[in-house]
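Each chain, letter by letter, is given below.
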Amino acid sequence: MATRKETPSTPTAPMASTSPGATLDSPVKQIQIEGLVVLKMIKHYQEEGQGSEVVQGVLLGLVVEDRLEITNCFPFPQHTEDDADFDEVQYQMEMMRSLRHVNIDHLHVGWYQSTYYGSFVSRALLDSQFSYQHAIEESVVLIYDPIKTARGSLSLKAYRLTPKLMEICKEKDFSAEGLKKALIGFEHMFEEVPIVIKNSHLINVLMWELEEKCTVADKHELLNLSSSNHLEKSLQLLMDRVDDMSQDIVKYNTYSRNLSKQQQQKHQYIQRRQQENAQRQTRGETPLPEEDVSKMFKPPQPPPRMDTLLIAGQINNYCQNVKEFTSQNLGKLFMAEALQGHNS
Amino acid sequence: MHLIVNHMYYSLLLCVFSYSVASVCNANSNAAGDMSVYGPVVKIHPVVLASIGDSYERRNEGASRVIGTLLGTIDKHSVEVTNCFSVPHNESEDEVAVDMEFAKNMYELHKRVSPSEVIVGWYATGFEITEHSVLIHEYYSREATNPIHLTMDTALQSGKMNIRAYLSAQMGVLGKTVGVMFTPLSVKYKYYDTERIGIDLLERTRDAPNTTNGLTSDLCQVGGAAGRVQDMLATVLTYIEDVLSGKQTADNSVGRYLMDLVNKVPKITAEDFETMLNSNINDLLMVTYLSNLTQAQIALNEKIVVL
């Protein structure tokens, strides 16, 4: 999966505003998306995102009570050269300024990303979402899964970081003790926010017109029985992640073994010291100075636990997707059986 | 349909000429998409129409219509419109001002995301082509070769949202007064597969305009799709019964389709089907078991580390 460096703009004062007087610590309970945003995201991926590249973009909208309304979006250019970093912020600023001219909501409320078979739980995403959520309390990241959508139904999910995870990211304390203190499990990293789709009346009229004029036949991909391709790829990704996880576990095990060995060594050293001191005392010599034990035995570097957490979250996500997929397919297989039973 | 023509300089000859062309076009067509015209076919993606509708809703006070640029790709025989953005403009009785700087800027920004899109024309909401349109069209012909002009009747003046496309053509007497005529083009709608699926979902909101719709869970979707197929089968069955009872005359082509349909259900012996079904089900169950196992494993791992 291509990891992308996204630098969301550090919003200046006029941008990061929500409805005045809103309680900023009330989390967003629902996301309301306009049809236009959905279509734009689909189009963006279709045209610019073939292969396993992720496409990203910015969501614009406003906050109404406990709903986050997303009314428009614009895509981000792909990272082609490395000196395009500076351009990103400028591009964003210019885009927002221009959209303001035509009365489009120019309030930054989040970002969207496409995903390949559900693999989006990564350090990059975490960092981006953290900086967004830190600056704008209600921001979300919309994950659009084009492959699942192509199988028959739109797959769009909205995620936010849980407050606990936000705390940890703020502290930048990713060690084991830090995570233990916060009692974070991989299931508490992201919280999903329900999405509803709303269209204005004019767009509804447009939909009626389109249905009348357009003769695109329904392809019924949803009833497709083939499953092995999709399963294969998902399982492949799952296996890779599990391998990563096992490596991580091995690292952790060696670390803890080293730590305990070192403790033993320290202990032995102190004991020897004490013995020697006791002997010297009996002989009447001055005891050796107490040396700083901790400086002699430098404790090994504890491995960062954040990666493990991310991998665990990702594995969880893959498993969820696989289970959803298998449940759908089982249903379809039973239907096919009924159809055959009827005929034969 | 009423083809309105714009004249820069009035001339009787032009008037007569235009009227005759208009009547011919009237005779040939009744709605967009039905015409035999010389010119590229315009293929529009639904995202463009939704965008135009949205910018119309957000127009400034006092503006009766919005205009904007159309982006897309040009083929030999067709123009595919895939994106658009609105351009602020002011229109009054006798003058029109378009923020061209803005248009150029926006195009540059868009080009950075999708470098393959070029300006193919411009759009305006509203039912008629006015004189101002000619001026704007001239500006756009400087930006793109042979720009197309798209109109969308968002105010629903004629009861329908007429979506039309036009190409401009010079006409008149050489050397003397020249005018511009907008010839209509046929409009088709092109969808990517995923777009169609997105539209299917959006269409659900139109049945209950004031309420919103959530995204359904997986098994419900399969159920929904199966329900749709069932409806279609019911329609076909009623048609067949009507034909059998003599209420409707049999149509041979429909009969052939029905034969195809019935023959498409594969004839597999019961045991073969059983084995296929069972092996598939076993695969799926095994995968479910494995994923559950993995989830339990990582949960355990986490608890152990925390200890």
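What counts and what doesn't
All chains use their own residue numbering, which begins from 1 and follows the written sequence. Starting at A for chains and at 1 for ligands, labels are handed out in the order in which the entities are written. Given that this is a predicted model, residues contribute local features only at a pLDDT of at least 70 and side-chain atom pairs are listed and counted only at 80 or more, while totals for whole chains, interfaces and linings are drawn from all residues. The basis for every side-chain value is the complete set of non-hydrogen atoms in the structure, without hydrogens or water. The numbering of helices and of strands both runs from the N terminus, where a helix is a DSSP run of H or I of at least 4 residues and a strand a run of E of at least 2. Think of it in three bands: with a 1.4 Å probe and only protein chains considered, a residue is buried below 20% of the maximum accessible area for its type, exposed above 50%, and partly exposed in between. Here, residues are in contact when the closest pair of their heavy atoms is within 4.5 Å. Just to be clear on terms, a salt bridge is a Lys or Arg side-chain nitrogen sitting within 4 Å of an Asp or Glu carboxyl oxygen. Throughout the structure description, domain borders are defined by an automatic or database domain assignment. By convention, the term buried area covers the 1.4 Å-probe accessible surface removed from two parts as they join, with the contributions of both added. Pairs of N or O atoms are called polar contacts if they sit within 3.5 Å, as long as, within protein, a hydrogen donor faces a hydrogen acceptor (for residues adjacent in sequence, only side-chain-to-side-chain pairs). Side-chain classes are defined by residue name, with Ala, Val, Leu, Ile, Met, Phe, Trp, Tyr, Cys and Pro counting as nonpolar, Asp, Glu, Lys and Arg as charged, and the others, Gly among them, as polar. Every axis in this analysis is a line fitted to C-alpha atoms, fitted for helices over the stretch in contact. Angles between the N-to-C directions lie between 0 and 180 degrees. These descriptions rest on fixed angle ranges, namely under 35 degrees for roughly parallel, over 145 for roughly antiparallel, 65 to 115 for roughly perpendicular, and the rest for oblique.

Trainee: What is the right way to read the side chain of Q262 of chain A from this model?
Mentor: All names here are of chain A. Structurally, the position occupied by Q262 is in helix α8 (residues 228–283). Using a relative accessible area of 12% as the deciding quantity, one classes Q262 as buried. For Q262, the residues in contact, after removing those within four places along its chain, are F297, K298, P299 and P300.

Trainee: Even after reading the chapter, I still don't get the pattern of salt bridges, so can you show me in this structure?
Mentor: Tallied over the full model, the rule gives 11 salt bridges over all chains. Salt-bridge contacts for D244 of chain A lead to R241 of chain A; the nearest nitrogen and oxygen are separated by 2.8 Å. Taken as a pair, D244 of chain A and R241 of chain A lie in helix α8 at a separation of three residues, close to a single helical turn. It is possible to trace a salt-bridge network through shared partners that takes in K43 and E47 of chain A together with E117 of chain B.

Trainee: When you look at the domain arrangement of chain A in this model, what are you seeing that I'm missing?
Mentor: The accessible area lost on association of the parts is a frequent measure of interface size. All names here are of chain A. For chain A, the domain assignment lists domain 1 (30–78 + 88–224) and domain 2 (242–285 + 296–342). Measuring from the centre of the C-alpha atoms in domain 1 to the corresponding centre in domain 2 gives 33 Å. Contacts between the two partners involve 25 residues from domain 1, matched on the other side by 19 residues from domain 2. At the boundary of domain 1 with domain 2, total buried surface from both sides reaches about 1,800 Å², with 62% on carbon and sulfur atoms. In this structure, E324 engages K148 in a salt bridge whose closest nitrogen and oxygen atoms are separated by 2.6 Å. Summed over the shared surface of domain 1 and domain 2, the result is three residue pairs in polar contact (both at pLDDT 80 or more). Of all the secondary-structure elements, those providing two or more residues to the side of domain 1 that touches domain 2 are α3 (123–135), β6 (156–161) and α6 (176–182). In terms of residue class, the side of domain 1 that touches domain 2 is made up of 14 nonpolar, six polar and five charged.

Trainee: Can you walk me through the packing of α3 of chain A against helix α5 (residues 163–171) of chain A in this structure?
Mentor: For any two helices packed against each other, the geometry comes down to the angle between their axes and how far apart the axes lie. All names here are of chain A. As a packed pair, α3 and α5 sit with axes 11 Å apart at the nearest point and diverge in direction by 100°. On the basis of their axis angle, the class for α3 and α5 is roughly perpendicular. Note on element contacts: α5 touches α3 through L165, M166, C169 and K170, opposite L126, F130, Q133 and H134. Tallied by class, residues from the contact of α3 with α5 come to five nonpolar, two polar and one charged.

Trainee: It is not clear to me how the interface of chain A and chain B should be interpreted in this structure. Could you clarify?
Mentor: Between chain A and chain B, the residue contacts involve 98 residues of the former and 87 residues of the latter. Each partner contributes to the roughly 8,500 Å² buried at the junction of chain A and chain B, and carbon and sulfur atoms together form 65% of this total. The largest contributions to the chain A side of the interface with chain B come from L39, L202 and Q340 of chain A, which together make up 8% of the buried area. Connecting chain A to chain B are two salt bridges. Its salt-bridge partner being D105 of chain A, residue R58 of chain B comes within 3.7 Å of it at the nearest N-O pair. Seen at the junction of chain A and chain B, the total is eight residue pairs in polar contact (both at pLDDT 80 or more). In terms of residue count, helix α10 (residues 306–343) of chain A provides more of the side of chain A that touches chain B than any other element does, 22 residues in total. Of the residues in the side of chain A that touches chain B, the class split is 49 nonpolar, 27 polar and 22 charged.

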